[in-house]
Amino acid sequence: MNAYSSSAETRSWKHFEKLLFRVVFVYFLLQIFPLDTAFYNTLFHLDWSNIQYQDIFNLAHYATHIGAGQATFADWGILLLIALVAAAVWTYTDNNQTDNYNRLWYWLRVFARYRLALAVLAYGFIKFFPLQSPYPSISNLNTAYGDFNRWKLFSLSLGIVPGYESFLGLVEMLLALLLLNRRTAGIAAFLFLIFGGNVFMSNIAYEGGDTVYSLYLITLAMLIFSYDALRVFRLLILQLPTAAGPFKPTFTGNWRNVRLGLKSLFILLFIVVYGVKTSNGAKNDPYQFPAGKGLQGLAGIYNVSTFVINKDTLPYAPNDSIRWKDVVFEEWNTLSIRTNQPVTIDENNRHLVPKGDEARNYEAEGTNARRYYSYRADTLQDRLLLTNKNPHYPADSIALQLVRTGADQLRLAGRTAAGDSLWVVLDKLPKQYLLKEAASGRTKKLKL
């Protein structure tokens, strides 16, 4: 390799420093480059001619895990064990002959910088174009505060302030740009420790599903910042003269072109292409809600004025667990039903960016009191086939015949998967929402 550094590079490493570095080097390489064939199978089977922002995000969000599901702390333990074995072999075979630890240390920081920048960019863009936490759905606005779990409340709270969400995304994008520059990487890593630390604590406090992943990004930032930490402490705390980092790589010949090519490719793919795709997705394909359109003119909340099950008319009663209380048609192909029957909450709480509607379950996750159904509509005969989106109710489905009996009235007739017959009359409520009405200013008088 024609990359070389200044003479300061040749500082000697102590024996224990080399031992520790070997473990750290192997461990972080295993964390940065997924030790999983599924990742590379996905990577090489993507349609790169029609790449979508969901594809890029899911690649960037990937973390090495040994078993099924997302990465856990147990996976970290396995990787550390592998690193210890590899470091022992390295120590035995090397016999202290290796003298390029400064160079290996530099390249490990490069890999960590780009890995962290990639993760931060992935989140930054979907926050900047407020996709990660969308504005609450009609069903969300008609669900009691106490029927959401902590994670869903956090997400909904962020969704009602898209300007603040965009600001958070902008901060992440700026941090990523600083990470791409060697001279500013230490500053970016320090700032990320503050920013990412808040994200990590939020995951703990609100019982989010990305606790392990957020801590993983923090460890990358700690690795990067550790290069400058002692110098920062010496300069700012001890107020002593401090020299800049001694290692300065210089690339010549083909390596210079390779470096520029790889950096340009990274910027083109993960900033330009991903940014354009995410912007387009915010307008045409927000991933948290289904892309399938709902029946035209039905969106809104409906009061259940008549409810008949198995030819038995049930009058309204606050504690009735069978009778429907209200029904919501969303703008997309989701119908939610509020009853007094407790719902086993989908506690997934993980941040996923799916492409297909079948995997888009954000609206139902972390929510009690309502049952969420996706529906397929036969518009010629006004028939609906409802399928419960909650994975705890895989057999729950309802086949309905829909009749529009007035400008704001619907009649539903059909049968559940359990064999119960239904006959329901719905009256649309002209409901206004304080959250929307007050958007232009909370100091103005409002009448709902």
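Read on for an overview of the structure. Just so it is clear, the model here is predicted, and its values are computed rather than measured. (Residues numbered from 1 in each chain as written. Predicted model: local features only at pLDDT ≥ 70, side-chain atom pairs only at ≥ 80, totals over all residues. Heavy atoms only, no water.)

**Section: the packing of aromatic side chains**
In step 1: Counted according to the given criterion, the structure contains 33 aromatic pairs.
In step 2: For the ring pair W107 and F251, a centre distance of 6.0 Å and an interplane angle of 75° mean the geometry is edge-to-face. One end of the pair, W107, is in helix 5 (residues 101-128); the other, F251, is in the loop between helix 10 (211-237) and helix 11 (253-284), and 144 residues separate them in sequence.
In step 3: Accessibility expressed as a relative area gives 24% for W107, which makes it partly exposed.
In step 4: For the ring pair F266 and F270, a centre distance of 5.0 Å and an interplane angle of 55° mean the geometry is tilted. Within this pair, F266 and its partner F270 are both found in helix 11, separated by four residues, close to a single helical turn. (Phe/Tyr/Trp six-rings, centres within 6.5 Å; stacked < 30°, edge-to-face > 60°. Helix = DSSP H or I, 4+ residues; strand = E, 2+ residues; numbered from the N terminus. Buried < 20%, exposed > 50% of the residue type's maximum accessible area, 1.4 Å probe, protein only.)

**Focus: the environment of L168**
In step 1: Looking at the element boundaries, L168 is found in helix 8 (residues 162-179).
In step 2: Remark: the alpha-carbon pair of L168 and L20, spanning 148 residues in sequence, is separated by 36 Å.
In step 3: Once you skip the residues sitting within four places of it in the chain, L168 turns out to touch K127, L158 and F195. (Contact = heavy atoms within 4.5 Å.)

**Structural notes on the nonpolar core**
In step 1: Among the nonpolar cores identified, the biggest contains 76 residues, and F21, L116, F192, L217, L220, F266 and Y274 are the most heavily contacted of them.
In step 2: Counting residues per element, this core draws most heavily on helix 5, at 18 residues.
In step 3: I309, V327, L422 and V424 belong to the second largest nonpolar core, which has 24 residues in total. (Core = buried A, V, L, I, M, F, W, Y, C linked by side-chain atoms within 4.5 Å.)

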